[in-house]
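Per-entry structural report
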Amino acid sequence: MIGLTTSDPLIQVSGLRKAYGTTLVLDGVDLVVRPGEAVGLLGPNGAGKTTLLKILATVARPARGTATIAGHDCAREAERVRGVVGLLAHGTHLYDDLTALENLTFWTRFAGRRPDPDALRAVLAEVELDDCAEARVRTFSAGMKRRLSLARLLLGQPRVLLLDEPFSSLDQRARKWVEHYLEGFTAGGGAILMATHALGRELDVATRLVILANGRIILDAPRGALGADEIHRLYALHTEEAS
Amino acid sequence: MSFARRTFAVVWKDVVVERRSKETVTAVLFFSVLLLFVFEFTLGGDRDRLTGVLPGLLWLAVLLAGLLGLGRSFVLERDNDCWEALLLTPGDKGAVYVGKLLGNLLLMGLVEVIVLALFTLFMNVDVARAMPGLLLVLLLGTLGIAAVGTLFGAMTAHVRARELLFPVLLLPVLVPVLLAIVKSTDALLAGQPLGSVDHWLKLLVAADVIYVVAGLLTFDVLLEG
């Protein structure tokens, strides 16, 4: 994060293109996310949301264009990017036959740090899983696994969160908890890019909404300027136009 | 220190998961016992035939049982996309290779102890007198097999025809190791001194060094995909 000020973008994407075979998935995407912003990335299936998140997380490489996280190029400085980014993807990134505490212990050790059981229990308490610290992940509900995945991300103290459908499989209580957590994360100066299909209350977390269709950004607007009906109307309008 | 901690983390995690699930150990043990039954029924009490084919049978049992375990070593990482999380954690990815290699050595070591015990029991073979030398051959041979097996296990973990592709890739590369271990074992079980197989041991050491270094150098690229 050398030379970055607090207002410099944490995510900067410019002219990003990506194709799988002959299928063009991203076609010149430009996007800037600053500290304290939470951007809701909307779009139909196959719009390129997950691909964009994977490029930013350094899992995939772009064919053309640049993507930077906290000033580091995602393709050329992948290891530096990985130090500041946290990806919550479809997979839980958890081992089912380890307990919640053992999972956190493993990922702490694997990051090259010495695990402190008290600190790890505090992280579990933060995601309201301290009662299940010694239970195997195999016995967890989908919502509990989602929260434990978030706890795993917290260990790395990321400044940027890339979330793919963060509210899927969550009940109302868990949804509220995740919303509350994400609001706290942006209030602390972090940035969030959140791909979702949900057009409901989950978007209250977002400060900006971006609609991606056919590999292009076709709407980028502040969340506060849009009511629930307006979001549905614009989503339907733009995604139908694009298809 | 960080590399050692990361390596230890991978070994610890694999051992704990295997101790609880017992998936690989159960499959490997069952397979080893089954092979020994087949060998015993085929050869019966013919001591002469048994003496001639014993080194081959011993390593065939170790190799086939080992293939089961080695091929599965990265399947665990495929579940829940843990592979992706290993990739995204900053740090030297060589620790994953070394950790998996040590885990595979532990598993194959367990297989060898059981296979040797069963050979002694079922086939009335005295391996004790060849033991110090045989242990060295087992160690060097197992390291070579596990080094390549770990690398190819990672390479084929995401391939649909993994069960087919894994041995097809692995076995040709292992020819020098297999040749050296079978010839050395044959000589040692026949009562020859360790010095008589030093050329095979040198080949094993050279192969082990090449395989481990190649694994360390290429694993990063492999994990990045």
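Residue indices follow the written sequence of each chain, beginning from 1 at its first position. Here chains are named by letter from A upward and ligands by number from 1 upward, in the order in which they appear as written. A pLDDT threshold of at least 70 governs which residues receive local features in this predicted model, and a stricter bar of 80 or more applies before side-chain atom pairs are shown or counted, although totals over entire chains, interfaces and linings include all residues.

**What to know about the interface of chain B and chain A**
- With 21 residues of chain B in contact, the opposing surface of chain A contributes 22 residues.
- Only runs of H or I of at least four residues qualify as helices and only runs of E of at least two qualify as strands under DSSP, and these elements are numbered from the N terminus. Looking at the side of chain B that touches chain A, the elements that each hand over two or more residues are helix H1 (2-21) and helix H5 (82-88) of chain B.
- Each residue is assigned to one class: nonpolar for Ala, Val, Leu, Ile, Met, Phe, Trp, Tyr, Cys and Pro, charged for Asp, Glu, Lys and Arg, and polar for all the others, Gly among them. Of the residues assigned to the side of chain B that touches chain A, the class counts are nine nonpolar, five polar and seven charged. Here contacts are defined at the residue level, using C-beta atoms placed from the backbone and a cut-off of 7 Å between them.

**Thoughts on the packing of helix H3 (residues 100-110) of chain A against H1 of chain B**
- In this analysis, axes come from line fits to C-alpha atoms, helices being fitted only over the stretch in contact, and the angle between any two N-to-C directions falls in the range 0 to 180 degrees. Between H3 of chain A and H1 of chain B, the least distance of the axes is 8 Å, while the angle of their chain directions is 155 degrees. By the angle between their directions, the pair H3 of chain A and H1 of chain B is classed as roughly antiparallel. In this structure, H3 of chain A crosses over H1 of chain B, and the sense of that crossing is left-handed. Across the interface between the two elements, Glu102, Phe106, Arg109 and Phe110 of chain A of H3 of chain A pack against Arg5, Arg6, Phe8, Ala9, Lys13 and Val16 of chain B of H1 of chain B.
- Across the contact of H3 of chain A with H1 of chain B, the residue classes break down as five nonpolar, no polar and five charged. Note that the term roughly parallel is reserved for angles under 35 degrees, roughly antiparallel for angles over 145, roughly perpendicular for angles of 65 to 115, and oblique for everything else. Crossing handedness is defined as follows: a turn of the near helix away from the far one that is anticlockwise and smaller than a right angle gives a left-handed crossing, while the clockwise case is right-handed.

**A word on the domain arrangement of chain A**
Residue and element names in this part refer to chain A.
- Each domain span listed reflects an automatic or database assignment of domains. The assigned domain composition of chain A is domain 1 (1-84 + 158-243) and domain 2 (94-157).
- Using only C-alpha atoms to locate each centre, domain 1 and domain 2 end up separated by 25 Å.
- If you look at the interface, domain 1 gives eight residues, while domain 2 gives nine residues.
- When residues of the side of domain 1 that touches domain 2 are assigned to their parent elements, the largest contribution, three residues, is made by helix H6 (residues 172-187).
- Along the lines of polarity and charge, the residues of the side of domain 1 that touches domain 2 split into six nonpolar, one polar and one charged.

**So, the pairing of strand S6 (residues 85-88) of chain A**
Residues and elements named next belong to chain A.
- Neither face of S6 is exposed, since Val85 and Leu87 on one face and Gly86 and Leu88 on the opposite face are all buried.
- The pairing of S6 with strand S7 (residues 160-164) spans four bridges and is parallel. The residue bridging Leu88 from the neighbouring strand is Leu163, located in S7. Exposure classes come from backbone-placed C-beta atoms, where a residue is buried if 20 or more other C-beta atoms lie within 10 Å of its own, exposed if 12 or fewer do, and partly exposed in between. Criterion used throughout: strands pair if DSSP finds at least two bridges between them.

**Digging into the environment of Ala67 of chain A**
All names here are of chain A.
- Locating Ala67 in the fold gives a position in strand S4 (residues 64-69).
- Sequence separation between Ala67 and Phe185 is 118 residues, and the spatial gap between their C-alpha atoms is 22 Å.
- In contact with Ala67, not counting residues within four places along its chain, are Val13, Leu16, Ile55, Leu56, Pro62 and Cys74.

**What about helix H5 (residues 142-155) of chain A?**
Residues and elements named next belong to chain A.
- Given the number of residues in a helix, its expected span is that number minus one, multiplied by 1.5 Å. Helix length check: H5, at 14 residues, gives a terminal C-alpha distance of 20 Å against a target of 20 Å (1.5 Å per residue), a fit within 8%.
- Among the 14 residues of H5, ten are classified as buried, and the element is accordingly described as predominantly covered.
- Turning to H5, its buried residues are Met144, Lys145, Arg146, Arg147, Leu148, Ser149, Leu150, Ala151, Arg152 and Leu153.
- Check the buried side of H5 and you find it contacts S6, H3, helix H4 (117-126), S7 and H6.

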